[in-house]
Amino acid sequence: MRHLSLLFIVLLSLSIFCFTLLPPRHDAFSVLYVIVIFLVSQAASRHVIKLIACLCIGLSVFSFSLVHRDDIVHGPYTRLALSIFAILLVTLLVLRNQRITEALAKQKRILAHADRMLTLGYLSASIAHEINQPLTAIRTYAHSGARWLKKTEPDLIEALHCFGSIEKNSQRAESIIGNIKNLAQKKAGIPEQISVHQIIQESCDILKNEISNKKINVIFNPSGQDIQFCAVRIEIQQILINILMNAIQAFKENIPNNFIHIGVYDMTDRENFFAIHVVDNAMGFIEATPENIFDAFFSTKQNGMGLGLTICKGIIEAHGGRLIAEHNKPKGAKFIIQLPKHVS
């Protein structure tokens, strides 16, 4: 697709150049080069845009000199000046718009990072508990392995089993720390291939202690073929953790029938799209509605910033998808994450 776009821009530039060579006054149509600059600006860097603008001006001057070579002194320089002025003006506007867009994108990344750090603050006790488990297991297996080796007749099989368990638990601790590190990083993420089932499981693992404390039954039974899609991992994980955290905090009583159901479905009404449904039977939207829950600075929590779901919705839309909130009957809330299977 990128090569086709580049080919189209080149053919358009050549077409404009050839058109300006036609008599009698088609050199005035050099102003059409602004279309080329606008198209290039959709994907090119500022340096490339400046280079293309210079080439467009060069082509305008060259075509003008060819058309008016017999009367170069008294040629209609006003038309040439207007064409160059239009190219320069559009280039400056495009560059200004690009700077503003980049600044807004940077501010969104800062807000998203702040939201992730706030989430990590809420989860500090859970994180400590999750890391402590494999570390405790490593210490236990290390002592056991040492005892098996210190016996009069060392039992190498049992010792090797202990060492294998140490390796597994160290990998588990490394995975937990890696997830936390990814959530805490500030730089812009790079899109990668993601397994839907894996990213959901990782998000649930991070919240394992919170889920256990509220005695919530998280139902996630992966069915069918795992869906692979391309997106920024930390951003998708941030959305899932945010929605799951909201559901967990909505449960006020630790009763056995508390549940959160997570389902993954292929969308029949949108080709090449899939949906993740997160459904709970908590309080639902008592002080809010599915319409205003995504408004900036709107929060039903006492110390909430009111930015979490706003940021989540912006991230999903940037990936070409939708984030929808609905009432769950007879009670609770339902969030639907719709994403394309192939996101560039």
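Preceding block: the structure.
Predicted model only: the values in this text are computed from it and were never measured.

Undergrad: Help me understand the sheet that holds strand β6 (residues 322-327), please; the structure alone is not making it clear to me.
TA: Note on sheets: strands pair through backbone hydrogen bonds, and any given pair is parallel or antiparallel. Read across the sheet, five strands follow the order β2-β4-β5-β7-β6 without closing on themselves; strand pairing throughout is mixed. Lying at the two open borders of the sheet, with one neighbouring strand each, are β2 (217-219) and β6. This sheet shows a mean twist of 15° between the axes of neighbouring strands, independent of strand direction. In terms of strand pairing, β6 meets strand β7 (residues 333-340) through six bridges, oriented antiparallel. In the strand pairing of β7, A325 is matched with F335. Together, β2, β4 (259-266) and β5 (273-280) form the strand contacts of helix α7 (residues 196-206), whose direction differs from that of β4 by roughly 165°. Against the sheet, helix α9 (residues 233-250) contacts β4, β5, β6 and β7, and its axis sits at roughly 170° relative to β7.

Undergrad: Sorry if this is basic, but what is going on with the packing of helix α2 (residues 33-41) against helix α3 (residues 46-67) here?
TA: A packed helix pair is summarised by two numbers, namely the angle formed by the two axes and the spacing between the axes. Relative orientation of the contacting elements α2 and α3 amounts to 165°, with a least axis distance of 10 Å. Taken together, α2 and α3 sit at an angle that is classed as roughly antiparallel. Crossing angle aside, the handedness with which α2 passes α3 is right-handed. Residue-level contacts link Y33, V36, I37, V40 and S41 of α2 to V48, I49, I52, A53, C56, L59 and S60 of α3. Per-class residue counts for the contact of α2 with α3 are 10 nonpolar, two polar and no charged.

Undergrad: Explain the packing of aromatic side chains here, please?
TA: Ring pairs (aromatic) are described by centroid distance and by the angle formed between their planes. Using the criterion set out here, one finds one aromatic pair in the structure. Between the aromatic rings of F229 and F274, the centroid separation amounts to 5.1 Å while the plane-to-plane angle is 55°, which identifies the pairing as tilted. Here F229 is found in strand β3 (residues 228-231), whereas its partner F274 is found in strand β5, with 45 residues between them in sequence. F274 carries the same exposure label as F229, and that label is buried.

Undergrad: Explain α2 here, please?
TA: Every buried residue of α2 is accounted for by Y33, V34, V36, I37, V40 and S41. Buried residues of α2, viewed axially, fall in a sector of 155°; they line one side.

Undergrad: Explanation requested: the packing of α7 against α9 in the structure shown.
TA: Between α7 and α9, the shortest axis-to-axis distance is 9 Å and the interhelical angle comes to 50°. One element, α7, and the other, α9, form an angle in the oblique class. Like other packed secondary-structure pairs, α7 and α9 cross with a definite hand, here right-handed. Every residue of α9 that contacts α7 at Q198, I199, I200, E202, S203, C204 and I206 is listed here: R233, I236, Q237, L240, I241 and L244. Broken down by class, the residue content of the contact of α7 with α9 amounts to eight nonpolar, three polar and two charged.

Undergrad: I tried to follow α9 on my own but got confused; where do I start?
TA: Residues lying three or four places apart along an α-helix face the same way, a consequence of the helix completing one turn every 3.6 residues. Across its 18 residues, α9 extends 26 Å between first and last C-alpha, which sits within 8% of the 26 Å expected from 1.5 Å per residue. Burial of α9 is extensive: 16 of the 18 residues sit out of reach of the surface.

Undergrad: Would you mind showing me how to read the pattern of salt bridges here?
TA: If the charged atoms of two oppositely charged side chains come close together, the side chains can form a pair. Overall, the coordinates contain three salt bridges when judged by the stated rule. Across the pair R233 and E192 runs a salt bridge whose closest N-O atoms are separated by 3.5 Å. Of this pair, R233 sits in helix α9 while E192 sits in strand β1 (residues 192-195), and the two are 41 residues apart along the sequence. For R233, a relative accessible area of 15% puts it in the buried group. For E192, a relative accessible area of 35% puts it in the partly exposed group. Here D266 makes a salt bridge to K341, at a shortest N to O gap of 2.6 Å. Of this pair, D266 sits in strand β4 while K341 sits in the segment after β7, and the two are 75 residues apart along the sequence. What you see here is one network of salt bridges that share partners, running through E192, E202 and R233.

Undergrad: What exactly am I supposed to notice about a nonpolar patch on the surface here?
TA: Nonpolar side chains collect at one region of the surface, where F19, L22, F29, V31, L32 and I35 lie side by side and expose about 440 Å² of accessible area between them. Among the structural elements, L32 can be located in the loop between α1 (2-20) and α2.

Undergrad: In this structure, what is going on with the nonpolar core? I would like to understand it.
TA: Among soluble globular proteins, nonpolar side chains are generally buried collectively. Core analysis: the largest hydrophobic core is formed by 43 residues, its most contacted members being I200, I236, I260, I276 and I337. Listing elements by their share of this core, those giving two or more residues are α7, β3, α9, β4, β5, α10 (308-318), β6 and β7. It is α9 that contributes the most residues to this core, 10 residues altogether. Setting aside its immediate chain neighbours within four residues, I236 contacts I194, I199, F229, A231 and L339. Ranked by size, the runner-up nonpolar core spans 17 residues in total, among them I9, I57, A86 and I87.

Undergrad: Could you clarify how one ought to interpret the side chain of D280 in this entry?
TA: You can see D280 is positioned in strand β5. With no salt bridge to any partner, buried D280 finds its closest opposite charge in K331, at an N-O distance of 8.5 Å. In contact with D280, other than residues within four places in its own chain, are A247, F251, F259, I260, N328, K331, G332 and A333.

Thresholds, definitions, all that
- Residues numbered from 1 in each chain as written.
- Predicted model: local features only at pLDDT ≥ 70, side-chain atom pairs only at ≥ 80, totals over all residues.
- Heavy atoms only, no water.
- Pairing = 2+ DSSP bridges.
- Helix = DSSP H or I, 4+ residues; strand = E, 2+ residues; numbered from the N terminus.
- Axes fitted to C-alpha atoms, helices over the stretch in contact; angles between N-to-C directions.
- Contact = heavy atoms within 4.5 Å.
- Parallel < 35°, antiparallel > 145°, perpendicular 65-115°, else oblique.
- Left-handed = near helix turned anticlockwise from the far one by under 90°.
- Nonpolar A, V, L, I, M, F, W, Y, C, P; charged D, E, K, R; others polar.
- Phe/Tyr/Trp six-rings, centres within 6.5 Å; stacked < 30°, edge-to-face > 60°.
- Buried < 20%, exposed > 50% of the residue type's maximum accessible area, 1.4 Å probe, protein only.
- Arc of directions from axis to C-beta.
- Expected span 1.5 Å × (residues − 1).
- Salt bridge = Lys/Arg side-chain N within 4 Å of Asp/Glu carboxyl O.
- Patch = residues over 30% accessible without salt bridge, like charges linked within 9 Å, V, L, I, M, F, W, Y side chains within 5 Å.
- Areas by Shrake-Rupley, 256 points an atom, 1.4 Å probe, with all protein chains shown as cover.
- Core = buried A, V, L, I, M, F, W, Y, C linked by side-chain atoms within 4.5 Å.
- Lys, Arg positive; Asp, Glu negative; His and termini not counted.

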